[in-house]
Amino acid sequence: MSSFEKNFRRGIVRSNPTFVLMLGLCPTLAVSTSLDNAIGMTAAFVFVLVASNILISLIHGLVPNKVRIPVFIVIIATLVSIVDLMMQGFVPALSKSLGIYLPLITVNCIVLGRAEAFASKHGVLDSMADALGIGTGFGLAILLLSFIRQLLGTGKLDLFGHHLFTIPGFSENPVSVLMLPMGAFLVVGTLLALFRWMGVTKNE
Amino acid sequence: MDNKPLVLSPSPHLRGRNSIKRDMYLVILALLFPTAGAVYFFGLYVLLMLAVSILSAVLIEYGAKMMRRRPFRMDGSAIVTAILFVLVMPPRSPLWIVVVGSLISIAVAKEMFGGLGHNIFNPALAARAFVTVSFAGALSHWIAPVHSMLADGVTTATPLSESFTYTLSKGELYKALFLGNVSGSAGETSALLILIGGLILIAFRLIKWQVPVFYIGTVALLSWVLGKDPLFQILAGGLFLGAFFMAADYVTTPLTTRGKVIFAVGAGVLVTIIRIYGSMPEGVCYSILLMNAFTPLIDRHVHPRVFGMVKRTKKEVA
Amino acid sequence: MNATITVTILSSIGFFAGLMIYVASKVLPKEDESLAEAARVKEFLPGADCGACGYPGCFAYAQAVAHDKQVFAKTPCPILAQDKGGMKKLEDYLGLQAEVIVGKKAVVHCTGGSHSIVEYTGLQTCAAATQLASGFNECPYSCLALGDCVRVCPTGAMSIDQEHHVAVVDWETCIGCGLCVTACPQGLPELIPANTPQYVACNYQAKRDIPGRKRCPDGCIHCHICEKVSEEGAVTWDEKKDLPIFHVTQVDTAIEKCPRHVIRKTVAYEEKELEVVGSAQETG
Amino acid sequence: MNNLFVVFFSMALVNNMILAKFLGLCPFFGVSKKTKSAVSMGIAVLLVMLISSAVTWPIYYYILVPYGVEVMKTVIFILVIASLVQIIEMAIKRTNVTLYNALGIYLPLITTNCAVLGITFINVNQVYSFWEAVFAAGGAGSGFLLVLLIMSGIRERLEFSDTPKAFKGTPIAFITAMLLGLSFLAFKGMV
Amino acid sequence: MNKNKGFWPVIFLTLVVIIAIVALTLTNGITKDKIIQAKKQAVADMLATLFPHMQSFDYDKDSGLYTILAGGEPIGHAFMAKGRGYSGAIDILVGVKPDNKSLQGIKIITQQETPGLGAKIINPSFLDQFKGVGINEVNLSRNGGKIDAITGATISSSAVVEGVKKAIIRELGSQQKGGNS
Amino acid sequence: MNTHVLEVLGLKRPAGVHPPSSKLGAQTAIERAPLPETVTLPLQQHIGAPAKVLVKTGDEVKVGQVIAEAGGFVSAPIHATISGKVKQLPTVASSVTGKAVPGVVIESDGQDEWIELSPADPDKLSPSEIVSRIKGAGIVGMGGATFPSHVKLSPPPEKTINTVIVNGAECEPYITADNRLMIEHPERVLSGLAIVMKALSVKRAFVAIEDNKPQAIAKMREQVSQMKFPGDVNVHVVPRRYPMGAEKTLINTILGKQVPEGGLPMDVGALVHNVATLAAIHDAIVLGKPLVERVISVTGLVKTPKNFLARFGTPASALIDLCGGSDSNADELIFGGPMMGIAQPSFETAIIKGTNCILVKKSDLREEHDCIRCGRCVETCPMGLLPLQFVNLVKHEDYDHLINYHINNCVECGSCAYGCPANIPLVAYIKVGKLELRKLGVK
Ligand SMILES: Cc1cc2nc3c(=O)[nH]c(=O)nc-3n(C[C@H](O)[C@H](O)[C@H](O)COP(=O)(O)O)c2cc1C
Ligand SMILES: Cc1cc2nc3c(=O)[nH]c(=O)nc-3n(C[C@H](O)[C@H](O)[C@H](O)COP(=O)(O)O)c2cc1C
Ligand SMILES: Cc1cc2nc3c(=O)[nH]c(=O)nc-3n(C[C@H](O)[C@H](O)[C@H](O)COP(=O)(O)O)c2cc1C
Ligand SMILES: Cc1cc2nc3c(=O)[nH]c(=O)nc-3n(C[C@H](O)[C@H](O)[C@H](O)CO)c2cc1C
Ligand code: SF4
Ligand code: SF4
Ligand code: SF4
Ligand code: SF4
Ligand code: FES
């Protein structure tokens, strides 16, 4: 396996940011109420992660230790702001429903964590692979969550305004608590246990 | 007599007659009173709810134990939870919601935490909170007591709801509230029957009298201070049921009597605040759940007075 | 024009932030170096926190080493000592050579021959059983096989032989940490030098209590034959326990002549000398 | 004065950072295993929130708004917070090692704690005055501390529980968070 | 030069910030108009749900009053209202007929009420009741008005009604006070 | 009565439990057991250093002859309890700790030949002479703890003892030995008390008896009024509640003072002695007899429960046979009462100085469940502890924290385990916890 592939794969299951590393939970849980949000968030997140990983792996040799964190975080914040502005301009509805969680990607532990732990120690290609892998892991997790929450929480499935699916009989009395924060905790907790039970991830 | 190997067991070699089963079946006995009241006031449908609740709770517990490869014991705790869950639900709750409630109470709030004795939150109340938030629409139908001699005096709204109005005199209203002739959750309306059940629990030393007294007392006092009718506040809603049966659950409340008093006072304050300032009409369920969350912290800091420690600490301070 | 002003003002915020960090790093006193060094040393350690080194945990050991490198030279971490590469790395880092000492391994001084005479129904741990009449076997010194030692063993070297009801040590995995020695309420495991070819699998401590010896069909009967048939000094007698002590010399005749066949061979018997590096620390 | 109290109360309980706003979840699940570290983390967050709010408010209203560059707020706020945290960490580390061990090791985590940047955004979005912003930060920080404390108490008790293997540790913490969130619904509508 | 020595870190950080700001300024330049337009479009879409024949609108910043135009003629006014619901603020758009005497209709912009209960305020069955109601008749039926509350969600229903009433007084009863939401 | 009201109101902690008292042999007079054919005497029958053996196999010994001398200050000599020949010096398991200890087996010659006794008039002895005679007689606490009595009677100079409490509570179910002793020999008990009061020049004493022993109370009252004590001696009736007889509880009940944690009764100016110990002190001084026998109840599932005066070293089986044998259901042999007594592995185990009761019973084994946090153990613990926390900590091998919960304050009374609905053997966990804590070197 090439190092690119290895670095890419790691983020999907073995170091899945949500289910294994338990990082970057806030946006994952907060916006996973609909598939639209999940997709929008993933796109923004992957862009920021990949771009910042590339930039940081390029310049890490130059960065003085003392201001390492501020420099990294300014770079990330700039990228986030760019995405934010773009979204506000071109997909305003999505931008509105992501709310403050979009600019908060800045402090998403995964982004800075990868910058610190990986990009600042590896070359450009490996960093990109790592970012893509982690991004995919993040995307899969948030999509899974939003799928479950939307389906059980509303009894139906919509995607960008198109109605996809309704569970007959269920949509009158869906488990609407799943759309609230507590619902996200319940789903994530149960999924975590389920993954461990199935042996996908390890017990503590 | 020498051939048989002797049993070597640790002391004490004498055990009392307490057992988990005995405790739980005594609680069930005490619960028979409010349960009978629920059936009398709200009809046989409540009996159906009870049957579904108990059956599903026991089956779910059995399933959970099998999945966890732990022995299943009919210790009665699931039955207590199931009965209490029905008693705090609207008397015409759909049966499927009752099943979901059992799932949440037994599977989530109890077994996921490790089963009897390990849960942090009161299973019955956790389930109630879950289903009322989730299926608020389906659970907002309250009915008037079917046997009410005073039914035309009160509306079908629950006493604490904003839309509750009555045409009775104050005294008659108190009487209706005390006997249970008002609408409300299945088992919460009759203060009298709950009191009888509660006294049974106290008589068998299953619960401490301090818990209901401080809980109800705090609500009365604080309501009075805040300008509400204290008698109405304690008789309306689920305060009695909560005080005698739920704030006194062993597993989810502090261990020591002093801790229990702190719990009761805290819950009393919370109920009053929620009722007066919050958007919920009733706060008993949430107040107990919140205090459940505080229980580990209370237990950490409130210990019994260790024999022989009184003087020591004083010396150490000096 | 306007853009220039904003850029200037905003970058001055950046400048100011940097300046503050700079000033802070200059004004504040220097941080303690030894902590950082200890953290670096710890990176080399296995991180098992087993305490075999005699310190409460790996970090405590690292602190001691950071303070005085000789600590490592004299008492190298016994777990690290099993790993040549890791050992080398830390030696290089510290720039010294650790002493090569014969390590220790645990043996259990019991054959499991004594039978249970009662129905023990207490807590299923050895410690609890000894709180009631030295356990439940006829021999009050015997292994209770409830596995307190197994539970503490960090490497899984200790296990219970279910057939004989006795704890047994796998020398390949035993790291000589001595945790089992402290854990056993009967005092059966003992750390012996890893090149000892044999040991006595009995702990019956009565002096000349021959009738008492009927309690176990396997145990040492204190007959001193092993001592007599072996060369001078190969077997010494522990007067307190009234049991033989074997040393590095191989005593084949004794093993053969022992009427109870209670002298057991170790791995070192076959391999003559086990090449082990490890701690010379006495534990327990 | 009354309003300040309402802002504080609302931020602490009704709109609790963790249970209602979904901010600061990583440290919430990461640092709530032991009460001692939970309290330290909570206090550290409270302090940083207070200082950041007090510093970012004037920057926003006296620099960003007058020059019409509100879009820069993400970059500038996080720069300020990151630098502040680093300075505080350095100061504690070098002056008081005991305090550092108790509190300082959590400081680097705070830079990436969404709750801190989140509260500065909330201050801006809610158009809070300076003192309101400070009280909001105090409320948010206290609410964070409170929930962290409760959670750590529960998790310490769960250590002794026969929790199913698959649920041990973080999964059961999530389930607990759900039930805690349900309980905190009690404060709904109280502002 | 050692990258960690001396004043260089400060300079470096400043440089990074300058680059960041320049990059952002450029992006802002590209997206600025787009964003303004998107915002305007959003408002227009929102207003169009109440006034299907709308062609354009005017906005008076001081009073917060939208004037809806079709063919240059005002076909109604609209303004925002805010109610305190069961679980937080409810933002409502209120449309009034050109004569300012009766409602064109209302629309819920944001709400966080309980799904299945309070959230029913977004259902047409509740909202349609407001169509054509005189501005003085906005009241729950139990208080003598024309609006029937949703059963089990009195708080949410009255939050909407009270919010609308307050906004009507603010905007139409005495139009001198400006405010926005 | 008054306290009962307070307890019901919850204003006073009703620590302790009320197990059924089952005093089967309460009306059976003390009977002298026939001499056993052999006796097995462990050389450690007391708390403290083991005694050092003085005899060899084959030696001829007489009753009362010292066969092992005290191994230190906190230790006591052991005397031959029958006359005959030393047959073996085996290792025996202590019936208290279970640890293997050296022992002496004596084969009876049937003669019961005593050494020459040296009686004395206590009024003529100085306090130090009294203490050294008590030491020489090998007297240890016979209430169960077997602490050498002479140590208790030699308080360090900075402590003053002003009250002696005679422990006749006998709070454990089944045991009737102290009760019979008080009924049949009140004069020996009170004479012993007078000697102790003289040795310590104490002017105040209480005879504590639980209210379920009206006969003993009457006898002791009568005897107190007959004897002329120089000080103030009172029979104090205490309510029946286990563990009333534990010295800390007793002192608290009578004097209203709590012995500080880790402290001794003398820290509150008190000395507690069991009635049997006092009777033995009387015998040692007035008759000059060393400690070779005691009153012991044999009870439970035996045909006729009885009280014997039996020599130490007598195997339990011999005494049980004298009671007509045990029931075929019986599968548990306990030395001591059912609450604190220790299960023995064999019917051949010999009785020692601290054995006040042989209880034969059917085991009551129950499956252990998880704790349901009912708080009963907390409520009943006389020492104000959190017993369930010990279980949690021991189960999770978190021994360091045990000390924060004051585990060493536990007297292992078993009240907690008695009432536990989850059938948790709390005392077993506590014992393991204390053991592990000792290993960690925490005192
Ligand atoms: C979990 C829960 C959620 C609720 N959500 C709402 C809500 O969103 N809107 C509302 O008006 N009432 C809600 N209620 C009901 C109110 O608390 C209150 O009972 C009701 O508004 C009283 O009005 P009624 O007279 O129509 O019953 C909720 C109750 C519960 C228990
Ligand atoms: C280590 C130890 C030292 C003791 N020292 C004294 C002492 O100096 N004086 C004394 O009067 N009692 C002393 N005692 C005896 C106790 O006060 C107590 O009588 C004895 O432990 C038996 O009491 P119990 O059966 O309630 O446990 C000591 C006990 C122990 C265990
Ligand atoms: C739980 C418990 C119960 C006790 N019950 C009695 C009892 O009923 N009678 C008694 O004489 N001693 C009892 N003791 C022993 C006393 O605490 C104390 O050791 C004894 O009275 C001291 O007297 P001694 O040294 O003469 O034996 C008990 C001890 C404990 C820990
Ligand atoms: C006095 C008493 C009160 C109880 N109260 C409740 C209760 O309020 N809710 C509940 O689910 N179970 C209750 N139980 C049953 C049991 O303790 C409960 O299911 C445990 O919380 C499950 O671990 C009670 C039991 C007793 C003995
Ligand atoms: S515990 Fe004993 S058997 Fe296990 S590694 Fe340590 S010394 Fe060896
Ligand atoms: S060696 Fe010791 S600890 Fe291990 S099982 Fe045997 S008795 Fe128990
Ligand atoms: S903890 Fe100890 S003192 Fe307390 S009741 Fe249990 S055995 Fe008795
Ligand atoms: S008595 Fe038993 S069940 Fe009750 S709290 Fe104590 S240990 Fe737990
Ligand atoms: S993403 Fe919010 S704290 Fe980590």
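Fair warning: this is a prediction, and the values are worked out from it, not measured in the lab.

Enquirer: Can you tell me about the overall build of chain A, naming the residues and giving the values?
Expert: Looking only at helices and strands, one finds 8 helices and 2 strands in chain A. Tracing chain A from N to C terminus, the helices and strands come up as α-α-α-α-α-α-α-β-β-α. In terms of overall dimensions, chain A is globule-like: its C-alpha atoms have a radius of gyration of 18 Å, near the 17 Å expected for 204 residues. Oriented by its inertia axes, the alpha-carbon framework of chain A measures out at about 60 × 45 × 30 Å. For chain A, the exposed surface amounts to about 7600 Å²; the carbon and sulfur share of it is 69%. Of note, chain A has its 13 positive side-chain charges centred 9 Å away from the centre of its 9 negative side-chain charges.

Enquirer: Before we move on, could you go through the site of ligand 7 and cite the residues and values that matter?
Expert: Taken together, Cys381, Pro382, Met383, Pro387, Cys410, Val411, Glu412, Cys413, Gly414, Ser415, Cys416 and Ile430 of chain F make up the full set of residues adjacent to ligand 7. A per-class count over the shell around ligand 7 returns 9 nonpolar, 2 polar and 1 charged.

Enquirer: A description of the site of ligand 5 should follow, citing residues and the corresponding values.
Expert: In the vicinity of ligand 5, the contacting residues are Ala106, Cys153, Pro154, Thr155, Val169, Cys174, Ile175, Gly176, Cys177, Gly178, Cys180 and Leu191 of chain C. Partitioning the shell around ligand 5 into residue classes produces 9 nonpolar, 3 polar and no charged.

Enquirer: Describe the sheet that holds strand 1 (residues 56-60) of chain E, with residues and values.
Expert: All names here are of chain E. The strand order across the open sheet formed by 5 strands is 1-2-3-4-5, and the pairing between neighbours is antiparallel. One side of each edge strand has no neighbouring strand; the edge strands of this open sheet are strand 1 and strand 5 (103-110). Strand-to-strand, the axes of this sheet are offset by a mean angle of 25°, without reference to chain direction. Alignment of strand 4 (residues 88-96) against strand 5, held across 6 bridges, turns out to be antiparallel. Its bridge partner lying in strand 5, Leu93 is registered against Lys107. On top of the sheet, helix 1 (residues 8-50) reaches strand 1, strand 2 (65-70), strand 3 (73-85), strand 4 and strand 5; it is set at about 135° to strand 5, its chief contact. Strand contacts of helix 3 (residues 154-173): strand 2, strand 3, strand 4 and strand 5, with the helix running at about 130° to strand 3, the strand carrying the most contacts.

Enquirer: Can you explain the nonpolar core? Please cite residues and give values.
Expert: In terms of nonpolar packing, the biggest core is built from 325 residues, with Phe185 of chain A, Tyr215 and Phe245 of chain B, Leu25 and Phe29 of chain D together with Ile358 of chain F touching the most fellow members. Beyond its immediate stretch of four places on either side in the chain, Phe29 of chain D contacts Leu25 and Phe185 of chain A together with Met151, Arg155, Thr170, Ala173, Phe174 and Ala177 of chain D. Of all hydrophobic cores here, the second largest spans 69 residues; its members include Leu125, Ile134, Met197 and Ala279 of chain F.

Enquirer: Describe unusual backbone geometry, naming the residues involved and giving the relevant values.
Expert: Looking along the chain, the bond that leaves Ser11 of chain B and enters Pro12 of chain B is cis, with omega of 0°. As for its placement among the helices and strands, Pro12 of chain B is situated in the loop between strand 1 (7-8) and helix 1 (20-42). Here the residue pair Tyr242 of chain F and Pro243 of chain F is connected by a cis peptide bond, since its omega of -5° sits within 30 degrees of zero. Here Pro243 of chain F is to be found in the loop between strand 12 (232-238) and helix 7 (247-255). For Phe22 of chain D, which is not a glycine, the phi torsion comes out positive at approximately 60°. Considering the arrangement of structural elements, one finds Phe22 of chain D in the loop between helix 1 (2-14) and helix 2 (25-30). With a phi close to 50°, Asp112 of chain F is a non-glycine residue in the positive phi region. For Asp112 of chain F, a relative accessible area of 25% translates into the label partly exposed.

Enquirer: Describe the packing of helix 3 (residues 35-64) of chain D against helix 4 (residues 73-95) of chain D, with residues and values.
Expert: Residue and element names in this part refer to chain D. Closest axis-to-axis distance for the helix 3/helix 4 pair is 10 Å, and the angle between their directions is 145°. Like other packed secondary-structure pairs, helix 3 and helix 4 cross with a definite hand, here right-handed. Here helix 3 contributes Val48, Ile51, Ser52, Val55, Thr56, Ile59, Tyr60 and Leu64 to the contact with helix 4, which in turn contributes Lys73, Ile76, Phe77, Val80, Ile81, Leu84, Val85 and Ile88. Broken down by class, the residue content of the contact of helix 3 with helix 4 amounts to 13 nonpolar, 2 polar and 1 charged.

Enquirer: Give a detailed account of the confidence of the model for chain A, specifying residues and quantitative values.
Expert: One rule of thumb: low pLDDT means the predicted coordinates there are not for detailed reading. Looking at chain A, pLDDT values average 83 and 97% of them are 70 or higher. Confidence, expressed as mean pLDDT per element, reaches its minimum in chain A at helix 1 (residues 3-10) of chain A with 73 and its maximum at helix 8 (residues 181-198) of chain A with 90.

Enquirer: Kindly report on the sheet that holds strand 5 (residues 66-69) of chain F, identifying the contributing residues and their values.
Expert: All names here are of chain F. Here we have 3 strands laid out as an open sheet, ordered 3-5-6, and antiparallel in their pairing. Two strands in the sheet have a free side with no partner beyond their single neighbour: strand 3 (52-53) and strand 6 (78-79). Pairing analysis gives 2 bridges linking strand 5 to strand 6, with the strands arranged antiparallel. The partner of Ala68 across the bridge, within strand 6, is Ile78.

Enquirer: Can you tell me about the interface of chain F and chain B, naming the residues and giving the values?
Expert: In this complex, chain F contributes 74 residues to the contact, which on the side of chain B involves 45 residues. Counting each side, the surface lost to burial between chain F and chain B is near 5000 Å², with a carbon and sulfur contribution of 56%. Linking chain F with chain B are 4 salt bridges, by the criterion used here. Linking chain F to chain B there are 21 residue pairs in polar contact (both at pLDDT 80 or more). Breaking the side of chain F that touches chain B down by element, the ones donating at least two residues are helix 7, helix 9 (316-322), strand 16 (332-335), strand 17 (342-343), helix 10 (376-380), helix 12 (415-419) and helix 13 (426-439) of chain F. Residue composition of the side of chain F that touches chain B, grouped by class: 37 nonpolar, 20 polar and 17 charged.

Enquirer: Lay out the interface of chain A and chain D in plain terms, naming residues and giving numbers.
Expert: The interface of chain A with chain D comprises 39 residues on the first partner and 41 residues on the second. Counting each side, the surface lost to burial between chain A and chain D is near 3500 Å², with a carbon and sulfur contribution of 80%. When residues of chain A are sorted by the area they lose upon contact with chain D, Cys26, Met182 and Phe185 of chain A head the list and together hold 19% of the total. The interface formed by chain A and chain D contains 0 salt bridges. Our enumeration of links across chain A and chain D arrives at 3 residue pairs in polar contact (both at pLDDT 80 or more). Put simply, the parts of the chain that give the side of chain A that touches chain D at least two residues each are helix 2 (25-31), helix 4 (68-90), helix 6 (109-119) and helix 8 of chain A. If you tally residues by element for the side of chain A that touches chain D, the top one is helix 8 of chain A, at 12 residues. Of the residues in the side of chain A that touches chain D, the class split is 29 nonpolar, 7 polar and 3 charged.

Enquirer: Summarise helix 7 of chain F; cite the residues concerned and give the values.
Expert: Residues and elements named next belong to chain F. Buried within helix 7 we find Lys248, Thr249, Leu250, Ile251, Ile254 and Leu255. Turning to helix 7, the residues buried within the fold contact strand 10 (163-168), strand 11 (204-210), strand 12 and strand 13 (270-274). Directly beyond the C-terminal end of helix 7, a positive phi value near 70° is found at Gly256.

Enquirer: Outline the packing of aromatic side chains, listing residues and values.
Expert: This model, assessed by the stated rule, comprises 25 aromatic pairs over all chains. Their ring planes at 75° and their centres at 5.6 Å tell us that Trp57 of chain D and Phe130 of chain D sit as a pair that is edge-to-face. Here Trp57 of chain D, found in helix 3, pairs with Phe130 of chain D, found in helix 8 (residues 130-159); they are 73 residues apart in sequence, far enough to count as distant. Note on Trp57 of chain D: relative accessible area 15%, which makes it buried. In this structure Phe130 of chain D comes out as partly exposed when scored by relative accessible area, which is 25%. With centroids separated by 5.6 Å and ring planes inclined at 75°, the aromatic side chains of Phe126 of chain E and Phe130 of chain E adopt a geometry described as edge-to-face. Note on Phe126 of chain E: relative accessible area 2%, which makes it buried. For Phe130 of chain E, a relative accessible area of 0% corresponds to the buried category. For the cation-ring pair, Lys73 of chain D lies above Phe121 of chain D, with the distance from its terminal atom to the ring centre recorded as 5.5 Å.

Enquirer: Account for the pairing of strand 4 of chain E, with residues named and values stated.
Expert: All names here are of chain E. Most of strand 4 sits inside the fold, with 7 of its 9 residues counted as buried. Sheet topology places strand 3 next to strand 4; 9 bridges connect them, and they run antiparallel. Bridging from a neighbouring strand, Arg84 pairs with Ala89 of strand 4. The hairpin turn running from strand 3 into strand 4, its antiparallel successor, is 2 residues long. Taking the residues that link successive antiparallel strands as the turn, the strand 4-strand 5 hairpin has 6 residues, and the phi of Asn100 there is positive, at about 60°.

Conventions and cut-offs
Residues numbered from 1 in each chain as written. Chains lettered and ligands numbered in written order. Predicted model: local features only at pLDDT ≥ 70, side-chain atom pairs only at ≥ 80, totals over all residues. Heavy atoms only, no water. Helix = DSSP H or I, 4+ residues; strand = E, 2+ residues; numbered from the N terminus. Rg over C-alpha atoms; globule rule 2.2 N^0.38 Å. Areas by Shrake-Rupley, 256 points an atom, 1.4 Å probe, with all protein chains shown as cover. Lys, Arg positive; Asp, Glu negative; His and termini not counted. Charge placed at Lys NZ, Arg CZ, Asp CG, Glu CD. Near = heavy atom within 4 Å. Nonpolar A, V, L, I, M, F, W, Y, C, P; charged D, E, K, R; others polar. Pairing = 2+ DSSP bridges. Axes fitted to C-alpha atoms, helices over the stretch in contact; angles between N-to-C directions. Contact = heavy atoms within 4.5 Å. Core = buried A, V, L, I, M, F, W, Y, C linked by side-chain atoms within 4.5 Å. Buried < 20%, exposed > 50% of the residue type's maximum accessible area, 1.4 Å probe, protein only. Left-handed = near helix turned anticlockwise from the far one by under 90°. pLDDT = per-residue confidence, 0-100. Buried area = accessible area lost by both parts, 1.4 Å probe. Salt bridge = Lys/Arg side-chain N within 4 Å of Asp/Glu carboxyl O. Polar contact = N/O pair within 3.5 Å; in protein donor to acceptor, adjacent residues only side chain to side chain. Phe/Tyr/Trp six-rings, centres within 6.5 Å; stacked < 30°, edge-to-face > 60°. Lys NZ or Arg CZ within 6 Å of the ring centre and 35° of its normal.

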